[in-house]
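Read off the chains here:
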Amino acid sequence: MTKAKTIDTARVELLVAELRMPGIRAIWPRLAEQSDKEGWPAARFLAALAEVADRSRRRIERHLAEAWLPREQFS
């Protein structure tokens, strides 16, 4: 792994942790590797990551709704 690749990887790890994006944090290395192999444009890679984040968000919202907890505590 090149020095630039190591720095970029470390930075992405920090950013997704800071942005509290556990779904992205878990899957981005595999998607990045796939996108490099297949030559995806940046927009396709970001769209794939956004889909993961959206699924994660919807899953959390579904679980909160099923838990019947007062919504205002989590807004």
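Once a new chain begins, its residue numbering starts again from 1 and follows that chain's sequence as written. Note on the predicted model: pLDDT of at least 70 is required for a residue's local features to be given, and 80 or more for side-chain atom pairs to be given and counted; whole-chain, interface and lining totals, by contrast, use all residues. Just so you know, side-chain values use all the structure's heavy atoms and leave hydrogens and water out.

Here we come to the overall build of the chain. The number of helices and strands found in the chain is 3 helices and 0 strands. The helix count covers DSSP runs of H or I at least four residues long, the strand count covers runs of E at least two residues long, and both are numbered beginning at the N terminus. Counting helices and strands in the order they occur from the N terminus, the chain gives α-α-α. A 1.4 Å probe rolled over the protein chains alone gives each residue an accessible area, and that area as a share of the maximum for its type sets the label: buried under 20%, exposed over 50%, partly exposed in between. Expressed as a percentage of the 75 residues in the chain, the buried residues total 17%. Long-range pairs, those at least 24 residues apart, make up 23% of the contacts in the chain with a sequence separation of at least 6. Entry remark: accessible area of the chain is about 6,200 Å², with carbon and sulfur atoms responsible for 59%. Whether two residues are in contact is decided by their heavy atoms: any pair within 4.5 Å suffices. Under the convention used here, a 1.4 Å probe and the Shrake-Rupley method define accessible areas, while residue burial counts only the protein chains that appear.

Take the buried Ala, Val, Leu, Ile, Met, Phe, Trp, Tyr and Cys residues and link them wherever side-chain atoms come within 4.5 Å; each set so joined is a nonpolar core. By size, the foremost hydrophobic cluster in this structure holds 10 residues: V16, I24, I27, W28, L31, A32, W40, F45, L49 and V52. Top element by residues in this core is helix α2 (residues 22–38). It accounts for 5 residues. Not counting residues within four places of it along the chain, the set of residues in contact with V16 comprises M21, I24, R25 and W28.

Moving on to the environment of F45. With respect to the secondary-structure elements, F45 resides in helix α3 (residues 42–67). Taking relative accessible area as the criterion, F45 reaches 17% and is therefore assigned buried. Along the sequence, F45 and W28 sit 17 residues apart, while their C-alpha atoms lie 9.2 Å from each other.

For salt bridges, the criterion is a side-chain nitrogen of Lys or Arg within 4 Å of an Asp or Glu carboxyl oxygen. In the structure shown here, the tally under the stated rule is 7 salt bridges. E33 is the salt-bridge partner of K37, the closest N and O atoms lying 3.3 Å from each other. Pair noted here: K37 and E33 are both in helix α2, with a separation of 4 residues, about one helical turn. A residue is classified by how much of its surface remains accessible, and K37, at 68% relative accessible area, is exposed. Of the residues examined, E33 reaches a relative accessible area of 44% and is grouped as partly exposed. Across the pair R57 and D54 runs a salt bridge, and its minimum N-O distance is 2.4 Å. Placement of the pair is R57 and D54 together in helix α3, with a separation of 3 residues, close to one helical turn. A single salt-bridge network, built from bridges that share partners, covers E51, D54, R55, R57, R58 and E61.

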